[in-house]
Amino acid sequence: MNQLPRIVVTGSAGFIGRRMVARLAVGANVIALDRAPDPGGWPTGVEYRQLDLGREMPVFKGNWILVHLAWSLDRANAAAQRESLQAFARLLGQAGLAGVVGLGSAEEYGELEGRLREDLAPGAKLSAYGQAKHAAGKVLEDWARGAGRKAVWLRPFVVYGPGQGGNMAIPYALRCARERIPGEFSEGLQFRDFVHVDDVADGIAAAALALPALKPVFVVCNLGWGEPVRLRDVLERIADQTNARNLFRFGARPMRPGEPQEQYAETSSAADLFGWRAKISWKKGIDALCRESLR
């Protein structure tokens, strides 16, 4: 009888982590790590451990696959990003890891335009978050090649969905609509690749379960829908679905300096290597999100 794979997930209580753990629990033994107190509600068989990677390291006994999601969300804070990078490097130094799936970001591409392939060199101007994530991917590649272990580095594009916090455009727009307060946006003429959190969770889980059978020692894969969508169209659909047209003020904020006009993912690598493609269109995802937000 085949033994279920053993997978450790960091950042398991977060926006993406909880969904991904639920998917892994169907076909793996899962230990969920996070610095937050146990939120409960885990699937049967998932073991939760509260642990702050900035202060202590887990001990892996046997061969475990690590899925690393834990990272500072303070994107502009260079010190916080360095700390996340250092914690990841220390984690890779622990014995007992059979393979690793790490979560990167489309911000690693910086100001590059158009359809973005994984083999492109990063743009010249990266955010603190993009710099740290790109460095982490290089650290993972060095570890995989040096240790002879399998590793996948995933770059999700603009992730959105239920339960998302923060001030990114979609959760900010939903919060303004729900609380009936004015929302200030740029003109929203930039094109981005919006991918639903459930699709991203499916992609991470698929990569983790396929990892032992992958032929490349190290591979980078984008996670995106694969088509550009104008941000203004997304925000106007939210406004229409939530009766918030009079609340959204387009052009009230400037575009960020150096912000690319269009970025979207080349997604064939994820499809070829572990059979993943996004399934939830942005319109379907936004409509469902609006209905849930206004309950």
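Please refer to the structure higher up on the page.
Residues numbered from 1 in each chain as written. Predicted model: local features only at pLDDT ≥ 70, side-chain atom pairs only at ≥ 80, totals over all residues. Heavy atoms only, no water.

**Notes on the packing of helix α1 (residues 17-24) against helix α5 (residues 197-210)**
- In contact at an axis separation of 8 Å, α1 and α5 are set at 45 degrees when each is read in the N-to-C sense. As judged from the angle between their axes, α1 and α5 are oblique. The handedness of the crossing between α1 and α5 comes out as right-handed. In this structure, α1 contributes R19, M20, R23 and L24 to the contact, and α5 contributes V197, D198, A201, D202, I204, A205, A208 and L209. (Axes fitted to C-alpha atoms, helices over the stretch in contact; angles between N-to-C directions. Helix = DSSP H or I, 4+ residues; strand = E, 2+ residues; numbered from the N terminus. Parallel < 35°, antiparallel > 145°, perpendicular 65-115°, else oblique. Left-handed = near helix turned anticlockwise from the far one by under 90°. Contact = heavy atoms within 4.5 Å.)

**Here's the deal with the packing of aromatic side chains**
- Under the definition given, this model contains seven aromatic pairs.
- Pairing F88 with W153 gives two aromatic rings, centres 6.2 Å apart and planes at 35 degrees, and the pair type is tilted. On the criterion of sequence distance, the pair formed by F88 in helix α2 (residues 78-92) and W153 in strand β7 (residues 150-156) is long-range, its members being 65 residues apart. Side by side, F88 and W153 carry an identical accessibility label, which is buried.
- Seen from their ring centres, F248 and F250 are 6.5 Å apart, and the 80 degrees between their planes marks the pair as edge-to-face.
- Accessibility expressed as a relative area gives 7% for F248, which makes it buried.
- Here a set of aromatic residues connected by ring pairs shows up, and it is made of Y172, F185, F248 and F250. (Phe/Tyr/Trp six-rings, centres within 6.5 Å; stacked < 30°, edge-to-face > 60°. Buried < 20%, exposed > 50% of the residue type's maximum accessible area, 1.4 Å probe, protein only.)

**A word on the environment of W276**
- Structurally, W276 can be placed in the loop between α7 (268-274) and α8 (282-293).
- Here W276 falls in the buried class, since its relative accessible area comes to 5%.
- A C-alpha to C-alpha distance of 26 Å links W276 and A169, two positions 107 residues apart in sequence.
- Excluding residues that lie within four positions of it along the chain, W276 makes contacts with D199, D202, G203, N222, L223, G224, A270 and A271.
- One polar contact links the side chain of W276 to the main-chain carbonyl oxygen of D199, over a distance of 2.9 Å. (Polar contact = N/O pair within 3.5 Å; in protein donor to acceptor, adjacent residues only side chain to side chain.)

**Focus on the pairing of strand β5 (residues 97-103)**
- Burial within β5 is extensive, with six of its seven residues counted as buried.
- Looking at chain direction, strand β4 (residues 64-68) and β5 are connected through five bridges and run parallel. Paired with W64 across the bridge in β5 is L97.
- With respect to chirality, the unit in which β4 leads through α2 into the neighbouring parallel β5 is right-handed. (Pairing = 2+ DSSP bridges. Right-handed = clockwise from strand over helix to strand, strands pointing away.)

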